[in-house]
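Summary of structural features
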Amino acid sequence: MIELTSTPMIIVAILGTIGVLIPVISVARKEHGSSSFYGAIALGALFASIGYVIYQIAANNIAPAAIFTEDVLADDTFGSLFAIAMLIVAIFTTVGSFNYMRKKSHPAVYFSLILLSTIGMVLIAYSTDLVMLFVAWELMSIPTYVLAGFMKKDPSSNEAALKYFLFGALSSAIIIYGISIAYGLTGSTNIGDVIQTFATIDSEMLPLALLAIAMFVAGFGFKMGLVPFHMWLPDTYEGAPPTISALLAAGTKKAGFAAALRVIVMGSIALSLDWTFALGVIAVMTMTVGNIAAIMQKNLARVLAYSSIGHAGYILIGLAIAPYTAIGIQGSLFHILNHAVMKGAAFIAVAGIVTTLASSHLDKIKGLGRSMPITSLGLVISLLALAGVPPLNGFWSKLILFGAALDAGAVAPWTPWLAIAGVLNSALSLAYYGWIIRKMYFEGETEKRVREPASVVAVMIFSIIFIVGIGVYPDPIIQFVETAVPSLAVTP
Amino acid sequence: MSNELIDFFIVSIALLGIGIYGLAVKRNAIRMLFAIEIIINAANLNLVAFARFLSHSGGQTLALFSIAIAAAEVAVGLALIIVAYRMYKNVDIAEFRSLKG
């Protein structure tokens, strides 16, 4: 049994209680409309949770990264890394929503749904049982369907939510089908048991095991935005409220990678197949399609959506080379943490721009560097970090990822091509990020400075400190990420 | 009539095929929702059949979870479809074109 004081249980208790209490408070209070009040409660709960996660890590109360446990939840460093990333994203979303949700209806439900979705994301990272994984996956997904369509008078939010819902529901249907096959083959839903049985499976049953893994790739791939499954993603990220796009791009996508690391990578290693090449091909396709499509976009939110498809490709490099070198997973985990902050900050900046200018079209952001200097600076720093410019954190994680791909070339001769594709794509992405920066600083008339939303400024300042701080002094985070890499040895 | 595991599995694969066909061909949001439900129920059938033949109750537990979750999902999905219908007077997702790039 998992202990009641372990990290996931405490997070469920804090966020679950507050998440259910917020709507109750809003019904009990007669007055309506003060979104900051509910936001502050939600923010307190999130800070308490992230504080507890960090306290548990500092006090050495968590297990080393493990894939195999008897329990449904593992209180390990792997889960804690993801929990920190997702709680940071949830804090960004909540703080960024203070100004965005002002004078909008139902703020209590909005903040409550963010908390409930966060529980799902955190539980996915900790779960070591397919039943737990599926329930957590749905707990994460269902609130985000509602949140994406939260502006129900707005046709684009509505359309975004409906597309997101149809593809999201399809992805969970495919995942439950994959789980049913894995259960039928192995007689267990514990991920460790499933993988150990897969390692010694009959050759007659191998096609079914492959079908199960392929269904996991497709099901998780929809949320991760891998290329054959990405078509819903730009529409949803553009149409949804930009604060929720931050939650989707930086949060739910990372939860997909957590699930993929727990299930797909281990499953494909256990089946001792050359799955890595297929994953490598998907990685190159994903980054290339994402970055090339991003060049042609006219809307800032859509550019960021395609760039997040591209980043899913970079992260997938680490998964593809996992059997050859442990540094690959390390690079993936580091990039997941960095990307959560960079992309979260970029989408919150878009939310600030939409709040003041009512649009995120690229023609509207001309001269933004003078009218909204702090938001612009935050956006520029996060864009440069996304491109992987040296003194920033994105550079280090890309360096580790591409370096690992080059190293793995000693075992598998095709992996250096992943690094080459990654470097070329980073250069390509710098081109369109540079285009946006040029529009913001060197085009348009000199406009007067406008009042920037205070909550967005707070997120920008935190993310600038994080991005530059990790970029200048990455050692402590790299050491922590090293401890979060699970051991990949399968003992049949 | 035989009562083998493979019979249940064939029905389940057939349901999966029907669901995927429905998603690929239909553009009506409610029909697509039904197709997804058919896939989920194919998985439930699998889970219950495997649990019966493995003499292991875990699969039936998961099937119960899955039915409850699917109900929650449909509730949210139908709500979204109703809101879309009020706005567009239509539930054909090919007609929703406010977003493109």
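Residues numbered from 1 in each chain as written. Chains lettered and ligands numbered in written order. Predicted model: local features only at pLDDT ≥ 70, side-chain atom pairs only at ≥ 80, totals over all residues. Heavy atoms only, no water.

**Comments concerning the overall build of chain A**
Tallying secondary structure elements over chain A gives 19 helices and zero strands in all. Computed over the C-alpha atoms, the radius of gyration of chain A is 21 Å, within 12% of the 23 Å expected from 2.2 N^0.38 for a compact globule of 492 residues. Going through the 492 residues of chain A one by one, you find that 66% of them count as buried. For chain A, long-range pairs separated by at least 24 residues make up 81% of all intrachain contacts whose partners lie at least 6 apart in sequence. If you sum the accessible surface of chain A, you get close to 16,100 Å²; carbon and sulfur atoms cover 69% of it. (Helix = DSSP H or I, 4+ residues; strand = E, 2+ residues; numbered from the N terminus. Rg over C-alpha atoms; globule rule 2.2 N^0.38 Å. Buried < 20%, exposed > 50% of the residue type's maximum accessible area, 1.4 Å probe, protein only. Contact = heavy atoms within 4.5 Å. Areas by Shrake-Rupley, 256 points an atom, 1.4 Å probe, with all protein chains shown as cover.)

**Quick notes on the side chain of Q330(A)**
Inspection of the secondary structure assignment puts Q330(A) in helix α13 (residues 326–357). Filtering out sequence-adjacent residues up to four positions away, Q330(A) remains in contact with I478(A), V481(A), E482(A) and V485(A).

**Structural notes on the interface of chain A and chain B**
Contacts between chain A and chain B engage 40 residues on the former and 42 residues on the latter. With both chains or domains summed, chain A and chain B bury close to 3,500 Å², and 79% of this area falls on carbon and sulfur atoms. Taken as a group, L162(A), Y177(A) and Y183(A) account for 20% of the area that chain A buries against chain B, more than any other trio of residues on that side. One can count zero salt bridges joining chain A with chain B. At the boundary of chain A and chain B, one finds seven residue pairs in polar contact (both at pLDDT 80 or more). Of all the secondary-structure elements, those providing two or more residues to the side of chain A that touches chain B are α5 (130–148), α6 (155–186), α8 (206–224) and α9 (233–239) of chain A. (Buried area = accessible area lost by both parts, 1.4 Å probe. Salt bridge = Lys/Arg side-chain N within 4 Å of Asp/Glu carboxyl O. Polar contact = N/O pair within 3.5 Å; in protein donor to acceptor, adjacent residues only side chain to side chain.)

**So, the layout of surface pockets**
Computed from the structure, the largest pocket encloses a volume of approximately 440 Å³. Contributing to the lining of the largest pocket are 16 residues, with H106(A), V146(A), G149(A), F150(A) and K152(A) lying nearest its centre. At four residues, the largest contribution of residues to the lining of the largest pocket is made by helix α3 (residues 58–88) of chain B. Residue composition of the lining of the largest pocket, grouped by class: eight nonpolar, four polar and four charged. In terms of lining residues, the second largest pocket is bounded by 13 residues, among which F167(A), L170(A), M231(A), L23(B) and A24(B) are the most central. Per element, the largest residue contribution to the lining of the second largest pocket is four residues, and it comes from α6(A). Classifying every residue of the lining of the second largest pocket by side-chain character gives 12 nonpolar, no polar and one charged. (1 Å grid on protein atoms, 1.4 Å probe; cavity = no way out; pocket = protein on both sides within 12 Å on 5 of 7 lines; lining within 4 Å. Points joined across faces, edges and corners; volume = space filled by probe spheres on them. Nonpolar A, V, L, I, M, F, W, Y, C, P; charged D, E, K, R; others polar.)

**Quick word on a nonpolar patch on the surface**
Together, V20(A), L21(A) and V24(A) give the surface a local cluster of nonpolar side chains, amounting to about 250 Å² of exposed area. Note on placement: L21(A) falls in helix α1 (residues 7–28). (Patch = residues over 30% accessible without salt bridge, like charges linked within 9 Å, V, L, I, M, F, W, Y side chains within 5 Å.)

**Considerations on the environment of R449(A)**
All names here are of chain A. Here R449 lies in the loop between α17 (415–442) and α18 (454–472). Separated by 189 residues in the primary sequence, R449 and A260 have C-alpha atoms spaced 45 Å apart. When neighbours within four sequence positions are excluded, R449 is seen to be in contact with R370, S371, P373 and I374.

**Description of the nonpolar core**
Soluble, globular proteins show a tendency: their nonpolar side chains are buried together. Core analysis: the biggest nonpolar cluster contains 219 residues, and F82(A), I124(A), L130(A), F198(A), F220(A), I317(A) and L333(A) have the highest contact counts within it. Apart from the residues within four sequence positions on either side, I124(A) is in contact with L133(A), A136(A), W137(A), M140(A), A255(A), A258(A) and A259(A). (Core = buried A, V, L, I, M, F, W, Y, C linked by side-chain atoms within 4.5 Å.)

**Remarks on unusual backbone geometry**
With a phi angle near 65 degrees, A358(A) is a residue other than glycine that sits in the positive phi range. In the Ramachandran plot, K89(B) falls in the positive-phi region, its phi being about 55 degrees despite a non-glycine side chain. Of note, K89(B) is situated in the segment after α3. The exposure class assigned to K89(B) is exposed, which follows from its relative accessible area of 60%.

**A word on the packing of aromatic side chains**
Residue and element names in this part refer to chain A. Applying the stated criterion across every chain yields a total of 24 aromatic pairs over all chains. Taken together, a centroid distance of 5.3 Å and an interplanar angle of 70 degrees make the contact between F37 and Y38 edge-to-face. Each ring, one from F167 and one from F222, has its centre 5.9 Å from the other, and the planes form 35 degrees; the classification is tilted. Residue F167 is found in helix α6, and its partner F222 is found in helix α8; the two are separated by 55 residues along the sequence. Among the aromatic residues, those joined into a cluster by ring pairs are Y145, Y164, F165, W232, Y237 and F347. (Phe/Tyr/Trp six-rings, centres within 6.5 Å; stacked < 30°, edge-to-face > 60°.)

**Side note on the confidence of the model for chain B**
Should pLDDT be low for a region, the predicted coordinates there are not to be read in detail. Of the residues in chain B, 94% reach a pLDDT of 70 or more, and the chain-wide mean stands at 88. Reported confidences for the modelled complex are a pTM of 0.92 and an ipTM of 0.94. (pLDDT = per-residue confidence, 0-100.)

**Describing the packing of α13(A) against helix α16 (residues 393–407) of chain A**
All names here are of chain A. Taken N-terminus to C-terminus, the directions of α13 and α16 make an angle of 155 degrees; their axes are 8 Å apart at the nearest point. Here α13 is positioned roughly antiparallel relative to α16, judged by the angle of their axes. By crossing handedness, the relation of α13 to α16 is classed as left-handed. Contacts between α13 and α16 involve I327, G328, G331, S332, F334, H335, N338 and M342 from the former and N393, G394, W396, S397, K398, I400, L401, A404 and D407 from the latter. In terms of residue class, the contact of α13 with α16 is made up of seven nonpolar, eight polar and two charged. (Axes fitted to C-alpha atoms, helices over the stretch in contact; angles between N-to-C directions. Parallel < 35°, antiparallel > 145°, perpendicular 65-115°, else oblique. Left-handed = near helix turned anticlockwise from the far one by under 90°.)

**With respect to the environment of E138(A)**
Looking at where E138(A) falls in the secondary structure, it is placed in helix α5. Distance from E138(A) to I317(A), taken between C-alpha atoms, is 27 Å for residues 179 residues apart in sequence. Here E138(A) is in contact with P143(A), S172(A), I69(B) and E73(B), once residues within four sequence places are set aside.

**Quick look at helix α11 (residues 275–295) of chain A**
The terminal C-alpha atoms of α11(A) lie 31 Å apart, and with 21 residues this matches the ideal 30 Å at 1.5 Å per residue to within 8%. Elements in contact with the buried residues of α11(A): α8, α10 (242–270), α12 (300–320) and α17 of chain A. (Expected span 1.5 Å × (residues − 1).)

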